[in-house]
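Structural overview
Below, each chain spelled out in residue letters.
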Amino acid sequence: MKITVIGTGYLGAVHAACMAELGHHVLGVDSRPDRIARLAWGEAPFYEPGLAELLTRGISAGRLSFGGSLAEAAAFGDVHFICVGTPQLPGSLAADTGHVEGVIEGLAPHLTRATLVVGKSTVPVGTASGLARRLAELAPAATAAELAWNPEFLREGYAVRDTLEPDRLVAGVTSEAADAVLRQVYAPLIEAGTPYIRTDLGTAELAKVSANAFLATKISFINAMADVCDAAGADVVTLAEVLGYDARIGHKGMAAGLGFGGGCLPKDLRALLARSEELGVGDSLRFLHEVDVVNTRRREAVVELARELAGGSLASVSVAALGAAFKPETDDVRDSPALAVATALHEAGARVRVHDPKAGDNAIQAAPALEHVPDVESAVEGADIVLHLTEWRHYQEIDPAWLGAIVRRPVLIDARNALPHARWREAGWTVRCLGTPGAGGGAAPVRHATQGAESQSMLSQQHQPGG
Ligand code: UGA
């Protein structure tokens, strides 16, 4: 089939490469010329395992290309996937659907033959039916230009696998013809046994935001239990393990720590809240506000723990921040809990050196006031406190004895509960976490007695650029 993918961010670039891998002829279009130039060379414009190989393969096979206008896209494709960002609207909880609307406005006037426009972007329920009407109004092909909604559930870091081996495919359609086209697009996956669920536009839209809201709720639940564990002297890691053996609960999404961030979970949670208010059912989802609050409190709690370990004030304390990405296996720093904590520590007067194995460049752009360093050694040299903020494997492999010889004080906050604590404690480190007993070493908080009062404004980032 001839397919276009409009928008080549984390979603679109991966989708384009994966559609070519399935054997389709794919044209990727984006308003950012630099992005297109890199993709056309087969270069992944962000860190995503496996993507560069897929791009190279698709381009060499002559099935994948990038560039051109929406008019050229309309001439090329029979199916057009919309993969543009829907970031949080400034000053609001709602999602900004402007980019999606812009694609319909720009593409539709060029659609002269029967075609299927497929939304993959995450949008508030009710958006697609409005877009479908607009599409038929603007397209010379009128109602032969149809809209479907086919949400994407890929995770950054596993995006290629999640696209080629998804848990499920959701097709929000309004006709047999649209259903048939989507079944054809995904034929190899359906044949391989991937569940394909045909539904209406609204259910398809909701499938995505409610999945993300549920995942966020699960993470905040275990993080709220971490607070209970702290108060009771219990251990949230063991608790999560015990809970996870119940098949109805499961082990995934139960890693207590610094909480969720990224370009999706936080803004989708808020957008669903905003939409539920508009629909008059705000009361039903009010608990999602608490999910968001619990999540932001994780960041505050780590800053408070650092302050406590610094003896009451963070002024002039040297801090090593290990991790800047919002999670491992990505270079994405949008609404990153790690960067939010590092920034809050900096605002409280600490000297903060940030390291991340992949997200360094993006971290420099997002938080230029912080000191960004290229290796762990430069981050920890002379540090009073080391914070483990993103659970990269790289950090799990650190030799704590080696690190102990470089720092000024061997004090670790493992905000992700992911390092081998026994090993670190054996090497003389004081290890503190959220939700697990803070035994070990008992390093005296030796610093200043004055309580700093830093701004918490950076702890919850409200607006992120789309991607
Ligand atoms: C999320 C969803 O998992 C995808 O299904 C969805 O397609 C995607 O958003 C999207 O809307 O595009 P992603 O943002 O890549 O994917 O990240 P996750 O792996 O879900 O992690 C989100 C955040 O939760 C990260 O900050 C991570 O550190 C945190 N997390 C995750 C925890 O704190 N604990 C956990 O147990 C799991």
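The structure under discussion appears in the preceding block.
These remarks concern the structure in this document.

Counting secondary structure elements, the chain contains 19 helices and 14 strands. Radius of gyration (C-alpha) of the chain: 24 Å, near the 23 Å computed for a compact globule of 467 residues. Dimensions of the chain along its principal axes, counting C-alpha atoms only, are 75 × 50 × 40 Å. Expressed as a percentage of its 467 residues, the buried residues of the chain come to 54%. Taking the contacts inside the chain whose residues are at least 6 apart along the sequence as the reference set, 74% of them involve residues at least 24 apart.

Tallying each qualifying case throughout the model produces one cavity of 30 Å³ or more. Here the largest cavity is characterised by a volume of approximately 80 Å³. Residue lining of the largest cavity: 13 residues in total, with Lys120, Glu152, Pro166, Arg168 and Leu169 positioned closest to the centre. Secondary structure elements with two or more residues in the lining of the largest cavity: α7 (159-164) and β7 (169-172). Looking at side-chain class alone, the lining of the largest cavity contains seven nonpolar, two polar and four charged residues.

Below, the discussion takes up the sheet that holds strand β9 (residues 318-322). Taken together, six strands build an open sheet; the order of strands is β11-β10-β9-β12-β13-β14 and the sheet is parallel. What marks the edges here is a single partner per strand, and that holds for β11 (371-372) and β14 (430-432). As defined by bridge partners, strand β13 (residues 411-414) adjoins β14 across three bridges and the pair is classed as parallel. Note that in β14 the partner of Ile413 across the bridge is Arg432. Together, β12 (385-388), β13 and β14 form the strand contacts of helix α13 (residues 287-309), whose direction differs from that of β13 by roughly 165°.

What follows deals with the pattern of salt bridges. In the structure shown here, the tally under the stated rule is 27 salt bridges. The shortest N-O distance in the salt bridge between Asp227 and Arg298 comes to 3.0 Å. Of this pair, Asp227 sits in helix α10 (residues 201-232) while Arg298 is found in helix α13, placing the two residues 71 residues apart along the sequence. Using a relative accessible area of 1% as the deciding quantity, one classes Arg298 as buried. In this structure, Glu371 engages Arg351 in a salt bridge whose closest nitrogen and oxygen atoms are separated by 2.8 Å. With a gap of 20 residues between them, Glu371 in strand β11 and Arg351 in strand β10 (residues 351-355) connect regions that are remote in the sequence. A residue is classified by how much of its surface remains accessible, and Glu371, at 33% relative accessible area, is partly exposed. For Arg351, a relative accessible area of 41% translates into the label partly exposed. Through salt bridges with shared partners, a single network forms among Glu176, Asp179, Arg183 and Arg198.

Now for the site of the ligand. As a matter of local geometry, the ligand sits amid 21 residues, with Phe153, Leu154, Glu156, Asn212 and Ala255 nearest to it. Between the ligand and the protein, one listed contact pairs an oxygen atom with a side-chain N or O atom of Asn212 at 2.7 Å. In this structure, an oxygen atom belonging to the ligand sits 3.1 Å away from a main-chain N or O atom of Met254. In isolation the ligand exposes 710 Å². Once the protein is present, 87% of that is buried. Secondary-structure elements contributing two or more residues to the shell around the ligand are α10 and α12 (265-278). With four residues, α10 is the largest single contributor of residues to the shell around the ligand. For the shell around the ligand, the residue count by class is 10 nonpolar, four polar and seven charged.

Our focus in this paragraph is the side chain of Thr163. Take Thr163: it is sitting in helix α7. Within the structure, Thr163 has its side chain in polar contact with the backbone oxygen of Ala159 (distance 2.7 Å). Beyond its immediate stretch of four places on either side in the chain, Thr163 contacts Val14, His15, Cys18, Glu152, Leu154 and Leu189.

Taken across its five residues, strand β5 (residues 115-119) has five buried, putting it largely inside the fold. The pairing of strand β4 (residues 79-82) with β5 spans four bridges and is classified as parallel. By the bridge assignment, Ile82 is partnered in β5 with Gly119. Handedness of the crossover joining β4 and β5 through helix α5 (residues 98-107): right-handed.

Analysis parameters
- Residues numbered from 1 in each chain as written.
- Predicted model: local features only at pLDDT ≥ 70, side-chain atom pairs only at ≥ 80, totals over all residues.
- Heavy atoms only, no water.
- Helix = DSSP H or I, 4+ residues; strand = E, 2+ residues; numbered from the N terminus.
- Rg over C-alpha atoms; globule rule 2.2 N^0.38 Å.
- Buried < 20%, exposed > 50% of the residue type's maximum accessible area, 1.4 Å probe, protein only.
- Contact = heavy atoms within 4.5 Å.
- 1 Å grid on protein atoms, 1.4 Å probe; cavity = no way out; pocket = protein on both sides within 12 Å on 5 of 7 lines; lining within 4 Å.
- Points joined across faces, edges and corners; volume = space filled by probe spheres on them.
- Nonpolar A, V, L, I, M, F, W, Y, C, P; charged D, E, K, R; others polar.
- Pairing = 2+ DSSP bridges.
- Axes fitted to C-alpha atoms, helices over the stretch in contact; angles between N-to-C directions.
- Salt bridge = Lys/Arg side-chain N within 4 Å of Asp/Glu carboxyl O.
- Near = heavy atom within 4 Å.
- Polar contact = N/O pair within 3.5 Å; in protein donor to acceptor, adjacent residues only side chain to side chain.
- Areas by Shrake-Rupley, 256 points an atom, 1.4 Å probe, with all protein chains shown as cover.
- Right-handed = clockwise from strand over helix to strand, strands pointing away.

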